[in-house]
Amino acid sequence: MPGFERVFLLGLMGAGKSTVGAALAGLLGWPYLDNDLLLHQRTGIDTVGLAALGRDALHLQESRQLHALLDVAPPYVAGIAASVAERPEDLGVLRAAGLTAYLRARPATLAVRIGPVQHGRPWLGAGTPAVLDGMFRARDAALCLADVVVDTDERDPAEVAAGLLPAVR
């Protein structure tokens, strides 16, 4: 059976999608496509601007970006917005189009990785740990439906990327 030509990394902010994605893409010799960057390029609005339009508008644009991503010729590794967990149809589309890997991390780990500066994440504010805990509780079960679930707490991104290689091939 041939391997996958698209790898979709799912996870909350701070889970390691960008770092692990770039490392995995490097190992495979494929490009890494970042959802936030592609969304900004497509809409001309950065994440802060989209967030200012409201949660529903942001998530709608993230869903549209996900579908636009499927028009990109493979192979590639892509980081996907965690809001996909709130749209089961989008999660199903991803699973049909390639390998889905949920980079799972505890909310406390996410808060440390994100740090006190919330660039592009105005919805976090001063309540980062509580907001992340709520996001984790709301999205974890759906994201666990991914083809592969990898706990990234206390793991080196290069190790996580290397560990995903057998699933891709």
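Residues numbered from 1 in each chain as written. Predicted model: local features only at pLDDT ≥ 70, side-chain atom pairs only at ≥ 80, totals over all residues. Heavy atoms only, no water.

Draft legend 1. Quick look at the nonpolar core. One finds I80 and L164 to be the most contacted residues of the largest nonpolar core, which totals 46 residues. Not counting residues within four places of it along the chain, the set of residues in contact with L164 comprises L9, V20, L24, A101, L103, V148 and V150. (Core = buried A, V, L, I, M, F, W, Y, C linked by side-chain atoms within 4.5 Å. Buried < 20%, exposed > 50% of the residue type's maximum accessible area, 1.4 Å probe, protein only. Contact = heavy atoms within 4.5 Å.)

Draft legend 2. Focus on the sheet that holds strand β3 (residues 76-79). Strand order across the open sheet formed by five strands is β2-β3-β1-β4-β5, with parallel pairing between neighbours. Edge positions in the open sheet fall to β2 (32-34) and β5 (148-151), since each of these has one partner strand only. For this sheet, the mean angle separating the axes of adjacent strands, direction not counted, is 20°. In terms of strand pairing, strand β1 (residues 6-10) meets strand β4 (residues 99-104) through four bridges, oriented parallel. In the sheet register, L10 faces β4, and the bridge partner there is Y102. Sitting on the sheet, helix α1 (residues 17-28) touches β1, β2, β3 and β4, and the angle it makes with β2 is about 160°. (Pairing = 2+ DSSP bridges. Helix = DSSP H or I, 4+ residues; strand = E, 2+ residues; numbered from the N terminus. Axes fitted to C-alpha atoms, helices over the stretch in contact; angles between N-to-C directions.)

Draft legend 3. Examining the pairing of β5 more closely. Of the two faces of β5, the one lined by V148 and V150 is fully buried and the one lined by V149 and D151 carries no buried residue. Pairing between β4 and β5: four bridges, direction parallel. Looking at β5, one finds that Y102 is bridged to V149.

Draft legend 4. Looking closely at the pattern of salt bridges. Considering all chains together, one arrives at eight salt bridges under this definition. Between E154 and R106 there is a salt bridge; the shortest N-O distance is 3.7 Å. With a gap of 48 residues between them, E154 in the loop between β5 and α8 (157-168) and R106 in the loop between β4 and α6 (107-114) connect regions that are remote in the sequence. According to the relative accessible area criterion, R106 is partly exposed, its value standing at 44%. For E159, the salt bridge goes to R155, with nearest N and O atoms at 3.2 Å. Owing to a relative accessible area of 43%, E159 belongs among the partly exposed residues under this scheme. Put simply, R104, D140 and D151 are held in one network by salt bridges that share partners. (Salt bridge = Lys/Arg side-chain N within 4 Å of Asp/Glu carboxyl O.)

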